[in-house]
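# Results of the structural survey
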Amino acid sequence: MTLYKLTDATGWTRQGESNALLWGEGVTHEATGEGSELCSSGVIHVYRSPRMATFMNPVHANIASPVLWEVDGEIVVDDGLKGGVKKATTLRRIDLPIIGIDERVEIAIRCAKLVYHDHAWNSWADSWLAGEDRTRGAAWEAAAKAAAIIAAVLDAAAARAASDAATAWEAAARAASYATASDAATAWEAMTWAESGWEAEAWAASAVGAAAKAAEWAANPTTSHQIHAIIDGQAT
């Protein structure tokens, strides 16, 4: 099965850590641990598409200057956004897709729409997605409003899944702090979007992660497939 993996510019994952691995053309590594739980020594992380790897990087490996590899492996576990394999072989380097900030915000809003069905918010979101106002201020307003929705999703999720409550509450609080800033200019400055865009990229990935988690808790594989299609630019 063709999969995808990110490394740093020198081919390392988790360089400097005890579980660091050096990858290259034709290099194979096997997971050292038992079981098949993500984020454990039992699997090696991979992605199903180049765009998924790029889009989720800010909240997964968070590699500053990533290199994308085509990988051969068989997925044994998948949370809807990343997968895990027992053995992976990096075959060759490929071009990293470029996903701009505006596109990341659009992806996040479209994914939020899959799990949040408030009529007023969806009417507003549809207008923004239609391109009626794509000014800088409107772009932030879109992000702030969607962040508030994601906060609500995570808030509800925290009450339903005690094991994930701490993570959910932390993310909800962060999203809410963005959404409740006194005005768009203040919120924009707080998010440092204008300086680097990295925080915005991380926010968008977090928003999609929340939508995927909501779909998982609702046992809705159709939504998970729709999220993949949105990120890969194949949604209809």
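Further up the page is the structure itself.
Residues numbered from 1 in each chain as written. Predicted model: local features only at pLDDT ≥ 70, side-chain atom pairs only at ≥ 80, totals over all residues. Heavy atoms only, no water.

## Quick word on the overall build of the protein
A count of helical and extended segments in the protein gives 8 helices and 7 strands. Going through the 236 residues of the protein one by one, you find that 46% of them count as buried. Considering only contacts within the protein whose residues lie at least 6 apart along the sequence, 66% involve residues at least 24 apart. Surface accessibility of the protein: about 11600 Å² in total, with carbon and sulfur atoms responsible for 50%. (Helix = DSSP H or I, 4+ residues; strand = E, 2+ residues; numbered from the N terminus. Buried < 20%, exposed > 50% of the residue type's maximum accessible area, 1.4 Å probe, protein only. Contact = heavy atoms within 4.5 Å. Areas by Shrake-Rupley, 256 points an atom, 1.4 Å probe, with all protein chains shown as cover.)

## Here's the deal with the layout of surface pockets
Unoccupied space between atoms shows up once a probe the size of one water molecule is rolled over them. The volume enclosed by the second largest pocket comes to roughly 710 Å³. Around the second largest pocket sit 24 residues that line it, and Lys5, Thr13, Arg14, Asn19 and His45 are the ones nearest its centre. Sorting the residues of the lining of the second largest pocket by element identifies strand S1 (2-7), strand S2 (12-13), strand S4 (27-30) and strand S5 (44-46) as the ones contributing at least two each. Residue composition of the lining of the second largest pocket, grouped by class: 11 nonpolar, 8 polar and 5 charged. (1 Å grid on protein atoms, 1.4 Å probe; cavity = no way out; pocket = protein on both sides within 12 Å on 5 of 7 lines; lining within 4 Å. Points joined across faces, edges and corners; volume = space filled by probe spheres on them. Nonpolar A, V, L, I, M, F, W, Y, C, P; charged D, E, K, R; others polar.)

## Observations concerning the pairing of strand S7 (residues 83-94)
In this sheet, S7 lies alongside S4 in antiparallel orientation, the contact comprising 4 bridges. Following the sheet pairing, Glu30 is matched in S7 by Lys87. Direction of pairing for S5 relative to S7: antiparallel, over a ladder of 3 bridges. Within S7, the position partnered with His45 by the bridge is Gly84. As consecutive antiparallel partners, strand S6 (residues 67-78) and S7 are separated by 4 residues, and within that stretch Gly80 has a phi angle of approximately 100°, a positive value. (Pairing = 2+ DSSP bridges.)

## What about the side chain of Thr13?
In this structure, Thr13 sits in strand S2. Of note is the side chain of Thr13, whose polar atom sits 3.3 Å from the side chain of Trp23. (Polar contact = N/O pair within 3.5 Å; in protein donor to acceptor, adjacent residues only side chain to side chain.)

## What about the pattern of salt bridges?
Counted by the stated rule, this structure contains 4 salt bridges. The partner of Asp78 in a salt bridge is Arg48, and the shortest N-O contact between them spans 2.6 Å. Placement of the pair is Asp78 in strand S6 and Arg48 in the loop between S5 and helix H1 (50-56), with a sequence separation of 30 residues. A relative accessible area of 31% means that Asp78 is categorised as partly exposed. (Salt bridge = Lys/Arg side-chain N within 4 Å of Asp/Glu carboxyl O.)

## Quick word on helix H8 (residues 221-231)
Within H8, burial applies to Thr223, Ser224, Ile227, His228, Ala229, Ile230 and Ile231. Once H8 ends, the next one or two residues include Gly233, with phi positive near 70°.

## Overview of the pairing of S1
Taken across its 6 residues, S1 has 5 buried, putting it largely inside the fold. In the sheet, S1 pairs with S6 via 6 bridges, with the strands oriented antiparallel. Paired with Tyr4 across the two strands is Glu70, which belongs to S6.

## Considering the packing of helix H2 (residues 101-115) against H8
Direction vectors running N to C along H2 and H8 enclose 165°, while the axes themselves pass 10 Å from each other. One finds that H2 runs roughly antiparallel with respect to H8. Judged by the sense of rotation from one axis to the other, the crossing of H2 with H8 is right-handed. Two secondary-structure elements touch here, H2 through Ile107, Arg110, Cys111, Leu114 and Val115 and H8 through Thr223, Gln226, Ile227, Ile230 and Ile231. Of the residues in the contact of H2 with H8, the class split is 7 nonpolar, 2 polar and 1 charged. (Axes fitted to C-alpha atoms, helices over the stretch in contact; angles between N-to-C directions. Parallel < 35°, antiparallel > 145°, perpendicular 65-115°, else oblique. Left-handed = near helix turned anticlockwise from the far one by under 90°.)

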